[in-house]
Amino acid sequence: MSENKSTHLRTIKSFVKRAGRVTERQQHALDNLKPMYGVETNKTIDINKLFANNGAIIVEVGFGMGQSLLTCAVNNPQHNYIGIEVHEAGVGALLADIDVSQLSNLKVIHDDAVQVFKDNIVDDTLDGIQIFFPDPWHKKRHHKRRLIQTAFVELLVKKLKAGGFIHIATDWENYAEHILMVCNAIPHLINQSSQNTYVPRPASRPMTKYEKRGERLGHGVWDLVFYKK
Ligand SMILES: C[S@@+](CC[C@H](N)C(=O)[O-])C[C@H]1O[C@@H](n2cnc3c(N)ncnc32)[C@H](O)[C@@H]1O
């Protein structure tokens, strides 16, 4: 992490670094493919110079192993995507997959999204932000670790252009209720649901790895979509 990083760091992290094995393929990608498909976080990111076209720019936070984000990028060549993830194996896997598919509309940031939004992304530049199945931190004493908190969503809103969207999905009802309460209370956000609650699962959202796991465990799924005024 750069020395220029903001001194007002959020001290409680929304993740724990997983010690999971990094395969040879993932390590090779981490060592060799960042110059091509990665984005450095040692300075402000010049979003408009990242991609060859001027299509919409959508950031996904916490892409896990990256399959659903890769699917988004393949299915929507007119859009540009930036994925942010801290998990080494996931970053390596996605870098390798981007290389196989030779995608020019998907870039990867290997860092803490909270810091990236604070320090590297310019206000009013993004068309959308998607966060699929953020860690629910289901024990009450761990709720402070949840990524979706008022201060973080207010930060996201600053980075969106007017009319930009935030799309969050979770398979944990109590977290869905928390997200709904946080986002409904932010004056700059309009809930896409006319009832100010949840929306039907958008057909465009690919099934994610965690969603499949939740489905096997009998969990429900809650999608929330908000627009910046
Ligand atoms: C429960 S997993 C979901 C992964 C994927 N979206 C899916 O649905 O399969 C949550 C992911 O968010 C990542 N994450 C949590 N906090 C993060 C942060 N502050 N910055 C970047 N990634 C984060 C974790 O490393 C983890 O891979």
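Here, every reference points to the structure presented above.
Residues numbered from 1 in each chain as written. Predicted model: local features only at pLDDT ≥ 70, side-chain atom pairs only at ≥ 80, totals over all residues. Heavy atoms only, no water.

Student: Can you explain the overall build of the protein? Please cite residues and give values.
Tutor: The secondary structure content of the protein amounts to eight helices and seven strands. Taken against the 2.2 N^0.38 rule, which gives 17 Å for 229 residues, the C-alpha radius of gyration of the protein at 17 Å falls within 12% of a compact globule. Each of the three principal axes of the protein carries a C-alpha extent, and together these read 45 × 40 × 40 Å. Within the protein, buried positions represent 50% of all 229 residues. Carbon and sulfur atoms make up 52% of the accessible area of the protein, which amounts to about 11,700 Å² in all. Charge-centre separation for the protein: the mean point of 29 positive side chains lies 4 Å from the mean point of 24 negative side chains. (Helix = DSSP H or I, 4+ residues; strand = E, 2+ residues; numbered from the N terminus. Rg over C-alpha atoms; globule rule 2.2 N^0.38 Å. Buried < 20%, exposed > 50% of the residue type's maximum accessible area, 1.4 Å probe, protein only. Areas by Shrake-Rupley, 256 points an atom, 1.4 Å probe, with all protein chains shown as cover. Lys, Arg positive; Asp, Glu negative; His and termini not counted. Charge placed at Lys NZ, Arg CZ, Asp CG, Glu CD.)

Student: How would you summarise the pattern of salt bridges if you had to cite specific residues and measurements?
Tutor: Throughout the structure, instances matching the rule amount to nine salt bridges. A salt bridge links lysine 161 to aspartate 127, with the shortest nitrogen-to-oxygen separation between them at 3.2 Å. Highlighted residues: lysine 161 in strand E5 (residues 160–170) and aspartate 127 in strand E4 (residues 126–132), separated in sequence by 34 residues. Here glutamate 211 makes a salt bridge to arginine 201, at a shortest N to O gap of 2.4 Å. One end of the pair, glutamate 211, is in helix H8 (residues 209–216); the other, arginine 201, is in the loop between strand E6 (189–191) and H8, with 10 residues separating them in the sequence. Judged by relative accessible area, arginine 201 falls into the partly exposed class, the value being 35%. Connected through shared salt-bridge partners, Arg201, Arg205, Glu211 and Asp223 make up one network. (Salt bridge = Lys/Arg side-chain N within 4 Å of Asp/Glu carboxyl O.)

Student: Describe the sheet that holds strand E1 (residues 57–61), naming the residues involved and giving the relevant values.
Tutor: With mixed pairing, the seven strands of this open sheet are ordered in space as E3-E2-E1-E4-E5-E7-E6. Only two strands of the sheet have a single partner each, and these edge strands are strand E3 (106–110) and E6. Across the sheet, the mean angle from the axis of one strand to that of its neighbour is 20 degrees, orientation sign disregarded. Of the pairings in the sheet, the one linking E1 to strand E2 (residues 80–85) comprises five bridges and is parallel in character. Bridge pairing links valine 59 to isoleucine 82 in E2. Taken strand by strand, helix H3 (residues 67–75) contacts E1, E2, E3 and E4, and its axis lies near 170 degrees from that of E2. (Pairing = 2+ DSSP bridges. Axes fitted to C-alpha atoms, helices over the stretch in contact; angles between N-to-C directions. Contact = heavy atoms within 4.5 Å.)

Student: Please give an account of the nonpolar core that cites residues and values.
Tutor: Ranked by internal contacts, the top residues of the largest apolar core, which has 37 residues, are Phe117, Leu126, Ile131 and Val153. Elements with a contribution of two residues or more to this core: E1, E2, helix H5 (113–119), E4, helix H6 (150–159), E5, helix H7 (173–184) and strand E7 (222–228). If we ignore the near neighbours within four places in the chain, the residues touching valine 153 are Ile148, Ile166, Val182, Cys183, Ile186 and Leu189. In terms of nonpolar packing, the next biggest core, distinct from the first, is built from 20 residues, Leu30, Ala73, Leu103 and Val108 among them. (Core = buried A, V, L, I, M, F, W, Y, C linked by side-chain atoms within 4.5 Å.)

Student: I'd love a proper account of the site of the ligand, names of residues and values included.
Tutor: Taken together, 19 residues are adjacent to the ligand, and Ser14, Gly62, Glu85, Phe132 and Thr208 come closest. The separation between a nitrogen atom of the ligand and a polar main-chain atom of glycine 62 is 2.8 Å. Taking alanine 113, its main chain carries an N or O atom lying 2.8 Å from a nitrogen atom of the ligand. Burial of the ligand by the protein amounts to 96% of the accessible area it has alone, namely 600 Å². Those elements that place two or more of their residues in the shell around the ligand are E2 and H8. Here the shell around the ligand is composed, by residue class, of eight nonpolar, five polar and six charged. (Near = heavy atom within 4 Å. Polar contact = N/O pair within 3.5 Å; in protein donor to acceptor, adjacent residues only side chain to side chain. Nonpolar A, V, L, I, M, F, W, Y, C, P; charged D, E, K, R; others polar.)

Student: I'd like to hear about unusual backbone geometry, residue by residue, with values.
Tutor: Residues other than glycine seldom take positive phi values, yet tryptophan 137 does so here, at roughly 40 degrees. A residue is classified by how much of its surface remains accessible, and tryptophan 137, at 17% relative accessible area, is buried. Look at asparagine 196: it is not a glycine, yet its phi comes out positive at around 60 degrees. When you line up the elements, asparagine 196 lands in the loop between E6 and H8.

Student: So, H8: which residues are in play, and what are the values?
Tutor: For H8, the capping residue at the N-terminal end is threonine 208, with a side-chain oxygen 3.4 Å from the backbone nitrogen of tyrosine 210. Glycine 218 lies just past H8 and shows a positive phi near 80 degrees.

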